[in-house]
Amino acid sequence: MKSATITSNPSLSPTQQQPWKLAFFFCFLVLLCDGADIGILAFTLSSLKQEFGLTNVQAGALGSWSLFGMAIGGFFGGWACDRFGRVRVIVIATAVFSVLSGFSGFVQSYEQFIALRFTACLGLGSLYIATNTLMSEMVPTKHRTTVLAALMTGFTLGSLVITSISAWIIPSYGWRTLYLLTFVPIILSIAMYFLISEPQSWKESRALKLSGAKNPLQKPENPYKAIFENPKHRIMFILWSMSSGLLLFGYFGVSNWLPSYLETELGIKFKEMALYMAGTYLTMMFAKVVAGLVADKIGRKIVFAFGTMGTALFIPILVYMHTPENIGWLMITFGFLYGIPYAINATYLTESFPTAIRGTAIGGAFNIGRLGSVIAPVAIGYMAMQNSIGAGLLLMAGAYFLCGLIPTLFIKEQQYDPQKA
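Residues numbered from 1 in each chain as written. Predicted model: local features only at pLDDT ≥ 70, side-chain atom pairs only at ≥ 80, totals over all residues. Heavy atoms only, no water.

A few points about the overall build of the protein chain
Right, on to step 1. Within the protein chain, the regular secondary structure consists of 18 helices and zero strands.
Right, on to step 2. Against the compact-globule benchmark of 22 Å for 421 residues, the protein chain has a radius of gyration of 21 Å, which places it among compact chains.
Right, on to step 3. Per-residue burial for the protein chain yields a buried fraction of 58% across its 421 residues.
Right, on to step 4. In the protein chain, of all internal contacts separated by at least 6 residues, the share reaching a separation of at least 24 is 85%.
Right, on to step 5. By element, 68% of the accessible surface of the protein chain is carried by carbon and sulfur atoms, the whole surface being about 16600 Å².
Right, on to step 6. Charged side chains in the protein chain number 28 positive and 18 negative. The centres of these two groups are separated by 9 Å. (Helix = DSSP H or I, 4+ residues; strand = E, 2+ residues; numbered from the N terminus. Rg over C-alpha atoms; globule rule 2.2 N^0.38 Å. Buried < 20%, exposed > 50% of the residue type's maximum accessible area, 1.4 Å probe, protein only. Contact = heavy atoms within 4.5 Å. Areas by Shrake-Rupley, 256 points an atom, 1.4 Å probe, with all protein chains shown as cover. Lys, Arg positive; Asp, Glu negative; His and termini not counted. Charge placed at Lys NZ, Arg CZ, Asp CG, Glu CD.)

Right under this line is the structure:
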């Protein structure tokens, strides 16, 4: 195989011998921009409410429209990964969200903002699927969870970056300037187009499809038909759709409203709140790397369960047991638990399906989950009007617990090797 030849040639540079390292560099930066762009809404939410005179429900709907756009983009992105290639999807999706998010800084109404945000999120929704599928097919099995977990720290670093620059830019220059910075990632899409090639397993699987090889997974033209005709794939698809829905319901509900919870209900000033969130994101990055290393040693399932159920149990502690003296430590502990599930989810999910249908399967399952999570920001907004944001966060705790329970009981780990066609 080509990959074996490259690895064994001592005359080639380390990057050429292990091409996944250059791909990792670009995917990490793409997810950093992805995380920053998703996080940008949370830190501009108060400014948007004030400028356009929004209610809590309308503000929460901005997060829901974002998730809806990401879900639709993820569906098409997963299918496009199988049809056109993982790298090509990353390049196009990055360019789309970069340009449209940048133009969000010029909107003059709530409706204009929703339209641009929804369309930008069509690109954002493809990136989690495409980057993790690409890396899972390029990295050896014994290091896969560690590398994919490290990759997901890029997403968290993006949240940290947007937290830090928000505290500086918004008070001095306004929320619009923050969105103008999102034009920058288009540079990454151009560079990646010229420097990164598709993984060998995808090339071989694609060649088998085009040659009409007699492989039962290749027969149906519609990849969703291949998923649902095979009982094993069908069950995995349904289980992962349920688990992903619960994970994303909890994750995006918390991430959209936690800054507002600290600022409005706990009375923490904006810059101090940003500092707490920065500490939380740093802890999440550390947790993801540790979780990846541990999962490669003891298994994906047990670490995933620890992260999801631990998060579920800690949210009530954060809501009911905080004081001005301990809130910083509570946020750091929460960040550690909160970071674990996303570190493990990608590897656990990609190893549940074969190469020929992997992009479609994980794109479909993950984004059916996203559709289910669309109501999370609105749900917390509604509960904030009726009760409090803290009460809404407790609902997220229940989602996290069920998210961990489903794979623990029903999903076997390491079912397929992503490096094989």
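Considerations on unusual backbone geometry
Working note: non-glycine residues mostly have negative phi, and peptide bonds are mostly trans.
Right, on to step 1. One non-glycine residue, Gln414, lies in the positive phi region at around 50 degrees.
Right, on to step 2. With a relative accessible area of 43%, Gln414 lands in the partly exposed category.

Some words on the side chain of Glu137
Right, on to step 1. Of note, Glu137 is situated in the loop between α6 (110-136) and α7 (144-173).
Right, on to step 2. Residue classification places Glu137 among the buried positions, given a relative accessible area of 4%.

Remarks on helix α9 (residues 186-195)
Right, on to step 1. Every buried residue belonging to α9 is among Leu188, Ser189 and Met192, and all of these are buried. Along the axis of α9, the buried positions cluster into a sector of 100 degrees, meaning they face one direction only. When the buried face of α9 is taken as reference, the exposed residues oriented beyond 90 degrees from it are Ile187, Tyr193 and Phe194.
Right, on to step 2. Contact partners of the buried residues in α9: α3 (20-52), α5 (86-103) and α6. (Arc of directions from axis to C-beta.)

Things to note about a nonpolar patch on the surface
Right, on to step 1. Together, Val184, Ile186, Ile187, Ile190, Tyr193, Phe194 and Leu195 make up a nonpolar patch on the protein surface, roughly 760 Å² of accessible area in all.
Right, on to step 2. One can find Ile187 in helix α9. (Patch = residues over 30% accessible without salt bridge, like charges linked within 9 Å, V, L, I, M, F, W, Y side chains within 5 Å. Salt bridge = Lys/Arg side-chain N within 4 Å of Asp/Glu carboxyl O.)

A short note on empty space enclosed by the protein
Right, on to step 1. Tallied over the entire structure, the rule returns five cavities of 30 Å³ or more.
Right, on to step 2. For the largest cavity, the calculated volume is near 120 Å³.
Right, on to step 3. Gly35, Ile38, Gly39, Ala42, Phe43, Phe155, Ser159, Tyr251, Ser255, Asn256, Tyr281 and Tyr338 together form the lining of the largest cavity.
Right, on to step 4. Listed by contribution, the elements that provide at least two residues to the lining of the largest cavity are α3, α7 and α12 (231-265).
Right, on to step 5. A total of five residues in the lining of the largest cavity trace back to one element, the largest contributor, which is α3.
Right, on to step 6. Within the lining of the largest cavity, the residues separate by chemical class into seven nonpolar, five polar and no charged.
Right, on to step 7. In this structure, the second largest cavity encloses a volume near 50 Å³.
Right, on to step 8. Put simply, the parts of the chain that give the lining of the second largest cavity at least two residues each are α3, α4 (56-84) and α12.
Right, on to step 9. Its residues placed into classes, the lining of the second largest cavity shows five nonpolar, three polar and one charged. (1 Å grid on protein atoms, 1.4 Å probe; cavity = no way out; pocket = protein on both sides within 12 Å on 5 of 7 lines; lining within 4 Å. Points joined across faces, edges and corners; volume = space filled by probe spheres on them. Nonpolar A, V, L, I, M, F, W, Y, C, P; charged D, E, K, R; others polar.)

Concerning the packing of aromatic side chains
Right, on to step 1. Taken as a whole, this structure holds 27 aromatic pairs when the rule is applied.
Right, on to step 2. Judged by centre distance (6.4 Å) and plane angle (70 degrees), the rings of Trp240 and Phe304 are edge-to-face. Of this pair, Trp240 sits in helix α12 while Phe304 sits in helix α14 (residues 300-320); the two residues are 64 residues apart in sequence, bridging distant segments of the chain.
Right, on to step 3. Each member of the aromatic cluster is reached from another via a ring pair, and the members are Tyr128, Phe155, Tyr251, Phe334, Tyr338, Tyr342, Phe366 and Tyr400. (Phe/Tyr/Trp six-rings, centres within 6.5 Å; stacked < 30°, edge-to-face > 60°.)

Remarks on the environment of Met242
Right, on to step 1. Among the secondary structure elements, Met242 is positioned in helix α12.
Right, on to step 2. Met242 gets classed as partly exposed once you look at its relative accessible area, which sits at 43%.
Right, on to step 3. Between the C-alpha atoms of Met242 and Phe366, which are 124 residues apart in sequence, the distance is 8.8 Å.

Some details on the pattern of salt bridges
Right, on to step 1. Scanning all chains against the criterion turns up ten salt bridges.
Right, on to step 2. In this structure, Glu137 and Arg86 form a salt bridge, with 2.5 Å as the shortest nitrogen-oxygen distance. Taken together, the positions of Glu137 in the loop between α6 and α7 and Arg86 in helix α5 put the pair 51 residues apart, joining distant regions of the chain.
Right, on to step 3. The buried category is assigned to Arg86, whose relative accessible area is 0%.
Right, on to step 4. A network of salt bridges, in which partner residues are shared, links Arg144, Asp296, Arg300, Glu351 and Asp417.

Observations regarding the confidence of the model for the protein chain
Right, on to step 1. Chain-level pLDDT for the protein chain is 85 on average; 93% of the residues reach the 70-or-more range.
Right, on to step 2. For the stretch residues 1-16, pLDDT sits under 50, and the model shows twelve contacts to residues farther than four places along the chain or on other chains. (pLDDT = per-residue confidence, 0-100.)

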